[in-house]
Amino acid sequence: MKVIRIFCCLFLSVLFGAAYCHGFDGTDFKGIKKLAEKGDAEAQMKVGVMLSAGVGVEQDRLEGLKWYQKSAEQGYPEGEWNLAFVYIRGEIVPQDFKKALELMQKAAEAGLADAQYDLGMMYLQGLALPAPDQGKAEVWFRRASTQGHREAKRVLKELAAVSTAEQQKP
């Protein structure tokens, strides 16, 4: 159980800190915004990231939220993934783990390895669930792992080690 608590703390620190910059590739704001305004879901997500993080433009999280929503409404996995973090953090909208879980599930089912890993962490922690579900968590970690997600591979090894240790206890 101690290892699981450590994973939870690690996950939350990454979740709340690093998520703002996912999707930024150095594209200039004006150029990417023109594409976003034309309905390009990837560009909409990138505008959301840039505004939310204040990368290349003045930070405006509320405006960033609007662009994440536009991207997610088109079913763009990275848009859904980023929007899920807005609901997890609860800074601009009320914290809503259930909504975050729905969005994360969509992005994970679309094949986004980061979303598969994060969905696994949500299951492992029991966010938006009656209780943690390690079995479902492992399913998502395995899916992310098969795509080369290093953290998912590491978590699977740690969970296997804990499981083995628990089985060897008298």
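Above this text you will find the structure in question.
Before going into details, it helps to say that this report is about the structure given with it. (Residues numbered from 1 in each chain as written. Predicted model: local features only at pLDDT ≥ 70, side-chain atom pairs only at ≥ 80, totals over all residues. Heavy atoms only, no water.)

1. A closer look at the environment of Leu 83
Now for step 1: Inspection of the secondary structure puts Leu 83 in helix H5 (residues 77-89).
Now for step 2: When its relative accessible area of 5% is taken as the criterion, Leu 83 is described as buried.
Now for step 3: Measuring from C-alpha to C-alpha, the distance between Leu 83 and Lys 66 comes to 9.4 Å, with 17 residues separating the pair along the chain.
Now for step 4: Ignoring any residue separated from it by four or fewer positions in sequence, one finds Leu 83 in contact with Leu 65, Tyr 68, Gln 69, Ala 72 and Leu 103. (Helix = DSSP H or I, 4+ residues; strand = E, 2+ residues; numbered from the N terminus. Buried < 20%, exposed > 50% of the residue type's maximum accessible area, 1.4 Å probe, protein only. Contact = heavy atoms within 4.5 Å.)

2. Describing helix H8 (residues 134-146)
Now for step 1: If you check H8, its first and last C-alpha atoms are 18 Å apart, about what 13 residues at 1.5 Å a residue would give, namely 18 Å.
Now for step 2: Residues of H8 that are buried: Ala 137, Glu 138, Trp 140, Phe 141, Ala 144 and Ser 145. Down the axis of H8, the smallest arc covering the buried residues is 165 degrees, so these residues share one side.
Now for step 3: Sitting at the amino-terminal end of H8 is Asp 133, which places a side-chain oxygen 3.2 Å from the backbone nitrogen of Gly 135.
Now for step 4: Looking one or two places after H8, you find Gly 148, whose phi comes out positive at around 90 degrees. (Expected span 1.5 Å × (residues − 1). Arc of directions from axis to C-beta. Polar contact = N/O pair within 3.5 Å; in protein donor to acceptor, adjacent residues only side chain to side chain.)

3. Describing the side chain of His 149
Now for step 1: Within the element layout of this structure, His 149 appears in the loop between H8 and helix H9 (150-168).
Now for step 2: A relative accessible area of 13% places His 149 in the buried class.
Now for step 3: Not counting residues up to four positions away in its chain, the partners in contact with His 149 are Ala 113, Asp 114, Tyr 117 and Ala 144.

4. Quick word on the packing of aromatic side chains
Now for step 1: Enumeration according to the criterion identifies two aromatic pairs in this entry.
Now for step 2: With a centroid separation of 4.6 Å and 80 degrees between ring planes, the pair formed by Trp 81 and Phe 85 is classed as edge-to-face. With Trp 81 and Phe 85 both in helix H5, this residue pair falls four residues apart, about one helical turn.
Now for step 3: A relative accessible area of 3% places Phe 85 in the buried class.
Now for step 4: Ring geometry for Tyr 117 against Phe 141: centres 5.7 Å apart, planes inclined by 45 degrees, an arrangement best described as tilted. (Phe/Tyr/Trp six-rings, centres within 6.5 Å; stacked < 30°, edge-to-face > 60°.)

5. Things to note about the nonpolar core
Now for step 1: Ranked by size, the top nonpolar core spans 38 residues in total, and within it Leu 83, Met 104 and Phe 141 carry the most contacts.
Now for step 2: For this core, the secondary structure elements donating two or more residues are helix H3 (41-53), helix H4 (61-73), H5, helix H6 (97-109), helix H7 (113-125), H8 and H9.
Now for step 3: For Met 104, the residues in contact, after removing those within four places along its chain, are Trp 81, Ala 84, Phe 85, Ile 88, Ala 115, Asp 118, Leu 119 and Met 122.
Now for step 4: If you look at the next biggest cluster of nonpolar residues, it comprises eight residues, including Ile 32, Ala 36, Val 47 and Trp 67. (Core = buried A, V, L, I, M, F, W, Y, C linked by side-chain atoms within 4.5 Å.)

None of this, on its own, says anything about what the molecule does.
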